[in-house]
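# Analysis of the macromolecular model
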Amino acid sequence: MTMAPRLGLNSSLVLQVVRYGLISSILRLYTIHKTGLNSVGSFIVLSLGAVSLFAQKWLSSVANHVPEPYLDEVFHIPQAQVYCDGKYGVWDDKITTPPGLYVLTILANSLGGWPCSVYYLRLFNVEIIPYLALAAIMSRSRLEEPKGTRNSRGRTQFSIYAVWTGINISLFPVLFFFSGLYYTDVISTFVVLLAYVNHLGRVSQDRTSLANDVYTLFLGLLSLCMRQTNIFWVVVYMGGLEAVHGIKALHPEAEPAPVFTTLSQQIQFYIRRYSLGDIHDPTLNITSPIDLVLCAVSIGIAVICNLWTIIRQRIWPHLVILGAFVGFVAWNGGVVLGDKSNHVATLHLAQMLYIWPLFAFFSAPLFIPQLLSMLTLVLKPFTSSAKAPLPRRNSKETNDPKQTAALKVFNQLGSNHTAHTIIVLAGALAVATLIVKFNTIIHPFTLADNRHYMFYVFRYSILKTWWVRYAFVPVYVVCGWLCWTTLQGSPSDATHGAHQLLQTPFRTKSQASSKPQASRAPKKASEQSSGSPSHPSQSLDHATIPPTTSSVLILLLSATLSLITAPLVEPRYFIIPWVFWRLLVPARPTLPGSDSPVSRWLVPFLETAWFLVVNVTTMYIFITRPFYWRGPGGELLDEGRIQRFMW
């Protein structure tokens, strides 16, 4: 590498390009072997190479303009350098997260023969970001994979949509920005994604090996060493999905639903079926509000009635991880390691309002198909002369003289999806209003630090005047609705192409004119996917299949638990919730009913372009718009240090 300086090249960049060239060659051969498709393997390698070079360019800009540790790096970099000197008993009490980042960085730098300088510590995140993209690609590919249909050579089908999704996840502006700084976000997200890839492999089979259980335990503990809040993702989210898979693996025998005459008979029948593992878990595109309730109730009953089996066969590693976390909290006297006075756990429900506008801002291109579908639906009465036939009711279902009045009323109320939607909408507006009134928390750091964009978001929105925070209530609800309907995918796929886990006495949205669904035995658990239904038809693009209801409910629960205890609002806290939400978003053509290449790939292309615009803008502001803190008399504060804008 002695020629590099003579040629005017950064020696570290040359080293990385050479090393990445070797790794990419191996990766290309691997992907071609696993997929059997030379074009997909090349696309993966070229995409990862582009992400890596973009990250390297960002790091070079940061190194040239901000050579000294900045903001939280003031704590992280000296601590890593102390560890580099072998002083493992020295700890900065201002650091709140475990030392996983420092240990992994030292190991990587030792293997590369690099010093623990500011530049080479930052380089660690640049090295990780393409592997994070690869982990996201593998996650999406496994979500799309119809279980039990691998060919004899065990090849995984990496769709273009899966690859593009993984690349866009790595370019997520809040995440990618910190690839050029020495923060915990990149490595924390990467380790959680590794655990998720392993989880998706576990739920592709009825039983797991002891070796994989130990590996699951290792990845879970490793993720906690990156950041304590990862407990909600490796235990609640992945553990919850494992529990649901364990229920589906019970394989109860099929039992036709009898003719019910009383409400108690119907309730007893479905409780018994749920207790056997015959749960209600449809895909999200045919889900109405009542299905959410039935899904949660059926899973709760099944878990309670089969708790020991689920623990023994599926979730004991997650419980061990949870026990280790509880032990750490008891030993440490709290969740955070240091600076406990400024990081006191507080009930902050407003976080679950802020999350939706943040998702909507970054994922605006993903909403284009449904907005166009809504526009088409609104214009349809003016462009079509044909009248849609009214749904027919089954007279036997509603007028059976043998049925009691209570049973008839119960089934009619449970099948009234329009009323359910109105109730949910009104309830969402009411709850959001109450949260805004009684649980809006403004952390002192938010008001005191004008280096973060959130300072300006709060200052010019909910802190402007009292009525503005209430004016945002419908914005929160609309953004949440957009995020939910994006997960539902294309309406054209609502009634065909995927086996459904339906166990409900009510009509689903796709069965509004049919009799209640009869009981059925679930397919083998090896045919179930944690995030998608099993056995889609061969004519259906697997990338378009929406996630199951249970997957989204568990995701919502995990995101809620991870956010509502944090009094401080930081975009970085929303990274992992957004990543898992984005992984579950199915492919959808931009134009309704069109399958042209432009319609198919316009949305992911626009998402990439939007992320690049946001990234370049925030990078430019960070590099070229420094400022100083000054007191009332114009004197320099903070010892005259340069301040910069960032997430």
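See the structure above.
The shown structure was predicted, so the numbers you read here are calculated from the model rather than taken from an experiment.

Okay, unusual backbone geometry next. Located in the positive-phi region is Leu71, a residue other than glycine, with phi close to 55°. Accessibility expressed as a relative area gives 12% for Leu71, which makes it buried. Even without glycine at this site, Asp638 takes up a positive phi of about 55°. Within the element layout of this structure, Asp638 appears in the loop between strand 1 (627–628) and strand 2 (642–643).

This part covers helix 24 (residues 549–563). An α-helical turn contains 3.6 residues, so a residue and the one three or four places further along point in the same direction. Between its terminal C-alpha atoms helix 24 stretches 21 Å, which fits the 21 Å expected from 15 residues at 1.5 Å a residue. Residues of helix 24 that are buried include every one of Thr549, Ser550, Ser551, Val552, Ile554, Leu555, Ser558, Ala559, Ser562 and Leu563, and no others. Buried residues along helix 24 sit against helix 11 (231–248), helix 13 (289–305), helix 15 (351–362), helix 23 (473–488) and helix 25 (575–584).

One pass over the structure, following the stated rule, counts one disulfide. Note on cysteine connectivity: Cys84 is disulfide-linked to Cys116, with sulfurs 1.7 Å apart. The S-S bond linking Cys84 to Cys116 shows a torsion near -60°; that makes this disulfide left-handed. Taken together, the residues span a long stretch of sequence, with Cys84 in helix 4 (residues 73–84) and Cys116 in the loop between helix 5 (100–112) and helix 6 (118–144) at a distance of 32 residues. Cys479 forms no disulfide, and the closest cysteine sulfur to it belongs to Cys483, at a distance of 6.8 Å.

On to the packing of helix 11 against helix 14 (residues 307–332), then. Running from N to C, helix 11 and helix 14 point in directions that differ by 170°, and their axes come no closer than 9 Å. Between helix 11 and helix 14, the crossing angle belongs to the class labelled roughly antiparallel. The segment helix 11 lies against helix 14, with Ile231, Val234, Val235, Met238, Gly239, Glu242, Ala243, His245, Gly246 and Ile247 engaging Ile310, Arg314, Ile315, His318, Ile321, Leu322 and Phe325. In terms of residue class, the contact of helix 11 with helix 14 is made up of 11 nonpolar, four polar and two charged.

Moving on: the pattern of salt bridges. Using the criterion set out here, one finds 17 salt bridges in the structure. Linking Glu242 and Arg314 is a salt bridge whose minimum nitrogen-to-oxygen distance equals 3.1 Å. A residue pair is termed long-range when its members are at least 10 positions apart, and Glu242 in helix 11 and Arg314 in helix 14 qualify at 72 residues. Across the pair, exposure class does not vary: Glu242 and Arg314 are buried alike. Between Arg273 and Glu255 there is a salt bridge, with its nearest N and O atoms 3.2 Å apart. Placement of Arg273 in helix 12 (residues 263–275) and of Glu255 in the loop between helix 11 and helix 12 is noted, with a sequence separation of 18 residues between them. Each of the salt bridges in this network shares a partner with another, and the network as a whole consists of Asp72, Asp185, Arg227, Glu570 and Arg572.

Analysis parameters
Residues numbered from 1 in each chain as written. Predicted model: local features only at pLDDT ≥ 70, side-chain atom pairs only at ≥ 80, totals over all residues. Heavy atoms only, no water. Buried < 20%, exposed > 50% of the residue type's maximum accessible area, 1.4 Å probe, protein only. Helix = DSSP H or I, 4+ residues; strand = E, 2+ residues; numbered from the N terminus. Expected span 1.5 Å × (residues − 1). Contact = heavy atoms within 4.5 Å. Disulfide = S-S within 2.5 Å. Axes fitted to C-alpha atoms, helices over the stretch in contact; angles between N-to-C directions. Parallel < 35°, antiparallel > 145°, perpendicular 65-115°, else oblique. Nonpolar A, V, L, I, M, F, W, Y, C, P; charged D, E, K, R; others polar. Salt bridge = Lys/Arg side-chain N within 4 Å of Asp/Glu carboxyl O.

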